[in-house]
Amino acid sequence: MNTLIPDSLGQLLELLAENIPGTELLAGGTDFNVQCRKGVLNPNRVLCIGHLDELKGIRLDGEHLRLGALTTFAEVVANELLQGHVPDFCRALAHFASPPVRNLATLGGNIANASPTADSVPPLLVRLASLELRSVRGVRQLPLNEFFTGYKRTAMAQDELITAVLLPVNAEDGLHSYWRKVGTRRALTIAKLSLAGMGRIENGQLSECRLAAGALNEYPRRLTAVEQHALTTPLAAITRESLNEALRRDITPIDDLRSDADYRFETCLNLLQTCLRDWSDHA
Amino acid sequence: MSNYILKQFSQQPAMIDISFTLNGETTTITTDPLRRLLDILRDDLGLTGTKEGCGEGECGACTVLLDGKPVTSCIVNAVAVHGHDVTTIEGVSASPDGRLLIDCLYEAEAVQCGFCFPGIVMSALAYMRAGGIADNERIRAALAGNLCRCTGYEFIVKGVAEACRRWRDL
Ligand SMILES: Cc1cc2nc3c(=O)[nH]c(=O)nc-3n(C[C@H](O)[C@H](O)[C@H](O)COP(=O)(O)OP(=O)(O)OC[C@H]3O[C@@H](n4cnc5c(N)ncnc54)[C@H](O)[C@@H]3O)c2cc1C
Ligand code: FES
Ligand code: FES
């Protein structure tokens, strides 16, 4: 195995451009080390990126909050700029793992790892986040909801990496938000199901509604059928049955050892109901 | 630490020089960039106070401070330590707040087998240093990454709360 420590982002991009199969990036290492130990990951070339300043820092950049890919969960939770603009996002990420893991785990790694349970993704999806992807060929922006293409598969090319996460600065302005993660214990819980939402209620009906679930499908994604249903139905007329009918059109459940598809489905329905109830109570 | 030059290795094990501050002293070692910090501490440097439980970031027995923040050293690689500051349980009693914390935990009878203890101390110390107060909920949240099979946590939380109280009164 080759381990390379590039001196700069430019050098890293050139190494990535060699397109050598089996190349892995090492950021915070929380997924990398565990997966290598379990034998799930067997890289033949490791590019260390944790020290690259170009990938660090949180700043306001025009209409966006720009979070460098190496931003840790702990940094999001404690950052004053983010607390000022997107306080509910900071709170959502505080439920992640444990304090020592939050100090290591990066946003870029969480997203790139593309796990169905990646906890940063549903809250980012409902806030219309996009990613900045970079390669020697140039830089491009991709809406987060176009990033995942299948189980652990992404639209990132082999020579690309995530350099930043972009959040609209007004992502939470005037909107209700929701985030719940259901697991077996409070700390260090891998989600059995998670639900994030952002919505606005006008005259007893949602005029804006975005919902995204984790651990329900092969990757975290928006529940577009439920969103449509919620946007076109007065809140008082939305029932468990009507949500059930809409949610069916939004799923391709994953089955694993942690809990079965029915359980996930029912739990998702419960969370959707609590979310809408929460919002109407505070409308 | 962008003071690294590109290293191209062709055979295993590839070695690099890593310099960092360990319990206040500059330390330089030659090692595999992916070697676990936990192994560097225990096997290469003989600091065996830091324990290995799960080896996967779940139990907190291997917790040390990296630039003052608690991290699980079983999932930290050598390359992440270069140019940074590491504090282990061996360095805790040199500081007055660390000494006080350990005393309060002993007084509260928070230690049984002691395996979790170094990790608990590191997480609790980071909490105290971040201005942590004697609030049971917050202390539990700060210790959420540290498992203890023996004590049931009550006495640990009590000990940490007492340390926070006394530290503020000093
Ligand atoms: C004890 C424990 C608890 C955990 N709890 C949770 C949890 O509650 N919720 C959750 O979602 N996850 C959890 N995780 C998983 C993990 O911590 C996260 O997915 C983390 O955010 C990964 O980031 P990292 O920097 O550590 O990634 P790394 O391990 O360094 O890298 C992971 C993968 O991402 C790729 N990568 C990293 N950075 C980039 C980039 N900038 N561009 C492109 N590719 C990149 C790497 O090639 C690698 O394949 C937990 C892990 C542990 C060990
Ligand atoms: S040994 Fe590192 S967290 Fe368990
Ligand atoms: S005292 Fe035995 S594990 Fe905590």
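Everything discussed here concerns the structure shown above.
Residues numbered from 1 in each chain as written. Chains lettered and ligands numbered in written order. Predicted model: local features only at pLDDT ≥ 70, side-chain atom pairs only at ≥ 80, totals over all residues. Heavy atoms only, no water.

A.B. asks: Hey, could you run me through the overall build of chain A in this one?
C.D. replies: Secondary structure summary: chain A contains eleven helices and 14 strands in total. C-alpha extents for chain A along the principal axes are approximately 60 × 45 × 35 Å. Relative to its full complement of 283 residues, chain A shows a buried share of 56%. In chain A, the share of contacts with a sequence separation of at least 24, taken over all contacts with a separation of at least 6, comes to 61%. When the accessible surface of chain A is split by element, carbon and sulfur atoms take 47% of a total near 11,700 Å². Averaging the positions of the 29 positive and the 33 negative side-chain charges in chain A gives two centres separated by 5 Å. (Helix = DSSP H or I, 4+ residues; strand = E, 2+ residues; numbered from the N terminus. Buried < 20%, exposed > 50% of the residue type's maximum accessible area, 1.4 Å probe, protein only. Contact = heavy atoms within 4.5 Å. Areas by Shrake-Rupley, 256 points an atom, 1.4 Å probe, with all protein chains shown as cover. Lys, Arg positive; Asp, Glu negative; His and termini not counted. Charge placed at Lys NZ, Arg CZ, Asp CG, Glu CD.)

A.B. asks: Explain the site of ligand 1 here, please?
C.D. replies: Surveying the vicinity of ligand 1 reveals 34 residues, the closest of which are E24, T30, D31, F32 and T106 of chain A. Ligand 1 is flanked by residues contributed from chains A and B. At 2.8 Å from an oxygen atom of ligand 1 is found a main-chain nitrogen or oxygen belonging to D119 of chain A. For ligand 1, whose unbound accessible area comes to 990 Å², protein coverage reaches 94%. Contributing elements (two or more residues each) for the shell around ligand 1: β2 (23-26), α2 (30-38), α7 (107-112) and β10 (161-168) of chain A. Grouping the constituent residues of the shell around ligand 1 by class yields 18 nonpolar, ten polar and six charged. (Near = heavy atom within 4 Å. Polar contact = N/O pair within 3.5 Å; in protein donor to acceptor, adjacent residues only side chain to side chain. Nonpolar A, V, L, I, M, F, W, Y, C, P; charged D, E, K, R; others polar.)

A.B. asks: Even after reading the chapter, I still don't get the sheet that holds strand β3 (residues 63-66) of chain B, so can you show me in this structure?
C.D. replies: Two pairing modes exist for strands in a sheet, parallel and antiparallel, and in both the strands are linked by backbone hydrogen bonds. All names here are of chain B. Ordered by their spatial adjacency, five strands build an open sheet running β2-β1-β5-β3-β4, and the pairing between neighbours is mixed. In this open sheet, the two edge strands, each paired with only one partner strand, are β2 (25-31) and β4 (69-72). Strand-to-strand twist across the sheet, computed as the mean angle between neighbouring axes with direction ignored, equals 40 degrees. In this sheet, strand β5 (residues 85-87) lies alongside strand β1 (residues 16-22) in parallel orientation, the contact comprising two bridges. Along β5, the bridge assignment pairs L22 with V86. Those strands touched by helix α1 (residues 37-44) are β1, β2 and β3, and its axis lies near 100 degrees from that of β2. (Pairing = 2+ DSSP bridges. Axes fitted to C-alpha atoms, helices over the stretch in contact; angles between N-to-C directions.)

A.B. asks: Hey, could you run me through the side chain of T87 of chain B in this one?
C.D. replies: Along the polypeptide, T87 of chain B turns up in strand β5. Setting aside residues no more than four positions away along its own chain, T87 of chain B makes contact with N23, V64, L65 and M122 of chain B.

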